[in-house]
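These are the residues of each chain, in order.
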Amino acid sequence: MPPVRAVAKQLGASQKRLKPILDLVRGQRVDDALDTLRFLPSPWAKSVAKVVQSAAANAENNMLMDRDNLRIIHITADNAASLKRFRPRARGRIGRITKRSSHVTVVVDEDEE
């Protein structure tokens, strides 16, 4: 069967902030990944956990895969549109502030044991 994916778009965190979280769960079983994410102190771990749960639910309901055998085979955070803001600086100048966001993609597939 083909792998199943889920995408969360426009998360308010930058790729740089999400990368350590994604590196922890890459290649893990879905249940183990959700346990890992539950105990992380980062507030973005909860958002990543929602995407992992969504991918698992897609696999279970749409492709009739067994949830116990699901493994995260691919997880990435890609660039999304950034918010551009400006802050006044000294001597009449402005400083640009870029508030970055990202899309998180999770791909799960069954283990071949």
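This structure is a prediction, so every number in the text was calculated from the model and none was measured.

Core analysis: the largest hydrophobic core is formed by 29 residues, its most contacted members being Ile72, Val106 and Val108. Elements represented by at least two residues in this core include exactly β1 (4-11), α1 (15-25), α2 (30-38), α3 (44-62), β2 (70-79) and β5 (102-110). For this core, the element with the highest residue contribution is α3, accounting for eight residues. Those residues in contact with Val108 that sit more than four places away from it in its chain are Pro3, Val4, Val30, Ala55, Ala59, Leu70, Arg71, Ile72 and Ile73.

We now examine the packing of α1 against α3. At a closest axis distance of 10 Å, the pairing of α1 and α3 adopts a crossing angle of 60°. In terms of orientation, α1 and α3 fall into the oblique class. For α1 against α3, the interelement crossing comes out right-handed. On α3, the residues touching Arg17, Leu18, Ile21 and Leu22 of α1 are Trp44, Ala45 and Val48.

Here we take up a positive patch on the surface. On the surface, a cluster of positive charge is made up of Arg85, Arg87, Arg89 and Lys99. Following the sequence through the fold, Lys99 ends up in strand β4 (residues 94-99). Its relative accessible area of 46% is what places Lys99 among the partly exposed residues.

Reading across the sheet, the three strands line up as β1-β5-β2 and stay open at both edges, with antiparallel pairing between neighbours. The sheet is open, and its two borders are formed by β1 and β2, each paired with just one other strand. Averaged over neighbouring strand pairs, the angle between their axes works out to 15° when direction is ignored. Direction of pairing for β2 relative to β5: antiparallel, over a ladder of nine bridges.

Conventions used here
Residues numbered from 1 in each chain as written. Predicted model: local features only at pLDDT ≥ 70, side-chain atom pairs only at ≥ 80, totals over all residues. Heavy atoms only, no water. Core = buried A, V, L, I, M, F, W, Y, C linked by side-chain atoms within 4.5 Å. Buried < 20%, exposed > 50% of the residue type's maximum accessible area, 1.4 Å probe, protein only. Helix = DSSP H or I, 4+ residues; strand = E, 2+ residues; numbered from the N terminus. Contact = heavy atoms within 4.5 Å. Axes fitted to C-alpha atoms, helices over the stretch in contact; angles between N-to-C directions. Parallel < 35°, antiparallel > 145°, perpendicular 65-115°, else oblique. Left-handed = near helix turned anticlockwise from the far one by under 90°. Patch = residues over 30% accessible without salt bridge, like charges linked within 9 Å, V, L, I, M, F, W, Y side chains within 5 Å. Areas by Shrake-Rupley, 256 points an atom, 1.4 Å probe, with all protein chains shown as cover. Salt bridge = Lys/Arg side-chain N within 4 Å of Asp/Glu carboxyl O. Lys, Arg positive; Asp, Glu negative; His and termini not counted. Charge placed at Lys NZ, Arg CZ, Asp CG, Glu CD. Pairing = 2+ DSSP bridges.

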